[in-house]
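One-letter residues, chain by chain:
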Amino acid sequence: MYKRNQVIIMGDYIISCCSTADVTKEYLQEKNIEYICFHYYLDGKEYKDDLFQSMSPQDFYQAMVDGAMTKTSQVNAEAFTEYFKGFLEQGKDVIHLTLSSGISGVLNSARIAADEVNEQYPDNKVVVIDSLTASAGYGLFMDKLADLRDQGYSFDELVKWAEDNIQNQNTWFFTTDLTFFIRGGRISKVSGWFGTALNICPLLNVNDEGKLIPRQKCRGKKMVKKAALAAVSERIASGADYDENIFITHSVCYEDAREMADMLEEAFPCMKEKIRIFDIGPTIGAHTGPGTVAIGFWGKKKEK
């Protein structure tokens, strides 16, 4: 046990996530969270999803607007094995949360690797947990785990807390640009044409299986932000007394994210901290394109 900035730290284990938690490298260093990178492709050229260290958000999303073809690649079992070994060889246990299994197959790769290294290093262990979320909600989940670790939770206590609270982590998205939803086949070209002509902004959330589900169709930015605020308010049981954090991520639409944060900070004045705003990373952004805002918060159990 030791102290850092007057906070008691207990245990000798690692908490870890995928780069799809969509926070910055500096944030992860600040919170002592390890991470492993997905990969993505622009017009066939491979890049590491390294939290925008090697390419700026503006350059990435501009490439998409200019017509670059995007593809993403999850972390494979071999990469996870080497990653986990690095910690086990130091005598440390690992709690790793993956991107939602409703969005990616990365959970399976991580669990294959965990089974392998747990046999090779019987004195330590790796536990892999399906976050059932992405982006803002995923980053918020890691934020909470880091706080609980720093409050003195043991390895087993933190694993149990994570498993018990997965369904209370809520993530809602809205987009003001249907272009890449159409290009990726998530919206038909005909529906997309009418949606664009009518200035439709979909409101979606991550359901109890970790899948992204459309919930409302709103006319314009103003209406979709009001709908998002209403959805968050309805899901937070404690109302204005909410004293947890909220994270927001966005794909090169900071003004929309900032306005949404202002609305939420007014509605929930007792939040532990001001809302953190981050960029949506290349892995998630390759599918959403620019103009998307995600909101992560703690609330009622997720819907089906």
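Now for a quick tour of the structure. (Residues numbered from 1 in each chain as written. Predicted model: local features only at pLDDT ≥ 70, side-chain atom pairs only at ≥ 80, totals over all residues. Heavy atoms only, no water.)

1. Thoughts on the environment of Asp256
Step number 1: Mapped onto the elements of the fold, Asp256 is located in helix α10 (residues 254-267).
Step number 2: Looking at Asp256, the relative accessible area reads 7%, which means it is buried.
Step number 3: Each C-alpha atom of the pair Asp256 and Gln169 lies 22 Å from the other, and the pair is 87 residues apart in sequence.
Step number 4: Among the polar contacts made by the side chain of Asp256, one reaches the side chain of Lys221 at a distance of 3.3 Å. (Helix = DSSP H or I, 4+ residues; strand = E, 2+ residues; numbered from the N terminus. Buried < 20%, exposed > 50% of the residue type's maximum accessible area, 1.4 Å probe, protein only. Polar contact = N/O pair within 3.5 Å; in protein donor to acceptor, adjacent residues only side chain to side chain.)

2. Section: the sheet that holds strand β8 (residues 93-98)
Step number 1: Strand order in the open sheet formed by four strands is β4-β3-β8-β9, with parallel pairing between adjacent strands. Both outer strands of the open sheet, β4 (34-36) and β9 (126-130), are each paired with one neighbouring strand and no more. Between one strand and the next, the sheet's axes are offset by a mean angle of 25 degrees, whatever the strand orientation.
Step number 2: Sheet topology places β8 next to β9; five bridges connect them, and they run parallel. By the bridge assignment, Leu97 is partnered in β9 with Ile129. (Pairing = 2+ DSSP bridges. Axes fitted to C-alpha atoms, helices over the stretch in contact; angles between N-to-C directions.)

3. What about α10?
Step number 1: For α10, built from 14 residues, the straight-helix expectation of 20 Å at 1.5 Å per residue is met to within 8% by its first-to-last C-alpha distance of 20 Å.
Step number 2: Packed against the buried residues of α10 are β10 (169-175), α9 (220-235), β13 (247-250), β14 (276-279) and β15 (292-298). (Expected span 1.5 Å × (residues − 1). Contact = heavy atoms within 4.5 Å.)

4. Considerations on the sheet that holds β15
Step number 1: Read from one edge to the other, the open sheet built from six strands follows the order β12-β11-β10-β15-β13-β14, with strand pairing classed as mixed. Looking at which strands have only one partner, the edges of the open sheet turn out to be β12 (212-219) and β14. The average undirected angle you get between the axes of adjacent strands in this sheet is 20 degrees.
Step number 2: The pairing of β13 with β15 spans four bridges and is classified as antiparallel. Bridging across to β15, His250 finds its partner in Val293.
Step number 3: Set on the sheet, helix α5 (residues 135-150) makes contact with β10, β13 and β15; between it and β15 the angle comes to about 35 degrees.
Step number 4: Contacts between α9 and the sheet are confined to β10, β11 (200-206), β12 and β15, with β11 contributing the most and set at about 20 degrees to the helix.

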